[in-house]
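Notes for the structure review
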Amino acid sequence: LSADGDGFAWPTWLAIAYFCLDCVRDMFAELLCIVGYCRRGWKKDCVTKERLALWAYLATEHVVAGTAIACITGGTEDVVYALRPVIAFVGGVKWVRLLYLCRAFEAFHMGSRILPIFSALREAGDFVVIFLFFVLSGAHVAFSLSSSEVPYTYIIFSMYRLGFLGDFEI
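Residues numbered from 1 in each chain as written. Predicted model: local features only at pLDDT ≥ 70, side-chain atom pairs only at ≥ 80, totals over all residues. Heavy atoms only, no water.

Attention now goes to the overall build of the protein. Of regular secondary structure, the protein possesses seven helices and zero strands. In sequence order, the protein lays out its α and β elements as α-α-α-α-α-α-α. Relative to its full complement of 170 residues, the protein shows a buried share of 20%. In the protein, of all internal contacts separated by at least 6 residues, the share reaching a separation of at least 24 is 49%. (Helix = DSSP H or I, 4+ residues; strand = E, 2+ residues; numbered from the N terminus. Buried < 20%, exposed > 50% of the residue type's maximum accessible area, 1.4 Å probe, protein only. Contact = heavy atoms within 4.5 Å.)

Attention shifts here to the nonpolar core. Soluble, globular proteins show a tendency: their nonpolar side chains are buried together. One finds Ile-16, Phe-19, Cys-20, Cys-23, Tyr-57, Leu-58, Val-64, Ala-65, Ala-68 and Val-90 forming the largest nonpolar core, which totals ten residues. Residue assignment for this core shows that the elements contributing at least two residues are helix 1 (10-40) and helix 3 (49-74). Among the elements that make up this core, the one with the highest residue count is helix 3 (five residues). Other than its neighbours up to four places away in sequence, Val-90 contacts Phe-19, Tyr-57, Thr-60, Glu-61 and Val-64. Grouped together as the second largest cluster of nonpolar side chains are five residues, Phe-131, Val-135, Ala-139 and Ile-155 included. (Core = buried A, V, L, I, M, F, W, Y, C linked by side-chain atoms within 4.5 Å.)

In this section: the packing of helix 6 (residues 110-145) against helix 7 (residues 152-165). Two elements in contact, helix 6 and helix 7, have axes whose closest approach is 9 Å; the angle formed by their N-to-C orientations is 130 degrees. Our classification of the angle between helix 6 and helix 7 gives oblique. Crossing geometry of helix 6 relative to helix 7 is assigned as right-handed. Where helix 6 approaches helix 7, its residues Phe-127, Phe-131, Val-135, Gly-138, Ala-139, Ala-142 and Phe-143 are matched on the opposing element by Tyr-152, Ile-155, Ile-156, Met-159, Tyr-160, Gly-163 and Phe-164. (Axes fitted to C-alpha atoms, helices over the stretch in contact; angles between N-to-C directions. Parallel < 35°, antiparallel > 145°, perpendicular 65-115°, else oblique. Left-handed = near helix turned anticlockwise from the far one by under 90°.)

Moving on, we come to the packing of helix 5 (residues 84-101) against helix 6. Between helix 5 and helix 6, the least distance of the axes is 10 Å, while the angle of their chain directions is 130 degrees. Viewed along their axes, helix 5 and helix 6 adopt a mutual orientation that is oblique. Along the contact surface, helix 5 presents Val-96, Leu-99 and Tyr-100, while helix 6 presents Ile-114, Phe-118 and Arg-122. Per-class residue counts for the contact of helix 5 with helix 6 are five nonpolar, no polar and one charged. (Nonpolar A, V, L, I, M, F, W, Y, C, P; charged D, E, K, R; others polar.)

We now examine a nonpolar patch on the surface. On the surface, a cluster of nonpolar side chains totalling about 610 Å² of accessible area is made up of Phe-127, Val-128, Phe-157, Tyr-160, Phe-164 and Leu-165. For the nonpolar patch, the secondary structure elements donating two or more residues are helix 6 and helix 7. The greatest single-element share of the nonpolar patch, amounting to four residues, is contributed by helix 7. (Patch = residues over 30% accessible without salt bridge, like charges linked within 9 Å, V, L, I, M, F, W, Y side chains within 5 Å. Areas by Shrake-Rupley, 256 points an atom, 1.4 Å probe, with all protein chains shown as cover. Salt bridge = Lys/Arg side-chain N within 4 Å of Asp/Glu carboxyl O.)

Glancing now at the pattern of salt bridges. Per the counting criterion, the structure on display carries two salt bridges. One salt bridge connects Arg-25 with Asp-26, and the closest N-O pair in it is separated by 2.9 Å. On the basis of relative accessible area, Asp-26 is assigned to the buried category, the value being 4%. With its nearest N and O atoms 2.4 Å apart, the salt bridge here joins Arg-51 to Glu-30. You can see Arg-51 sitting in helix 3 and its partner Glu-30 sitting in helix 1, a full 21 residues away along the chain. Assigned by exposure class, Arg-51 and Glu-30 land together as buried.

Set out below in structure tokens:
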């Protein structure tokens, strides 16, 4: 909000405008890829796990952009606060995508340093999926045994700290 409390300041408008233009650019680039796949007759190669994840990310990105525009024009601050986890997710994915784009650079041997890390992250994916089941199992048990005043977000975060970080001070 601006200093006087009425509406949003111009840097917020600028950030939202940039974000919306970036959303449109990403969607346009993806549509051009799909058209290219279809023209070459590679329709079945167009739908992969990575591309489905990208489509889910693009949908999330557009929801955030639309909600941000609606909040700025309507002036509601509560919706922006409620969407902070989604905005954080979109921002985090943007940084990972930027890092992934750097894999092709030979300057400073950046690509040769990044590619083994991405390969290791793919190998760790199986561990993360199995670990997620154990964390959710612990969260289910903790939620069932806790009082009704304890929020579920606290329980899930506590199970994450206990299971992944080994923090026993819950």
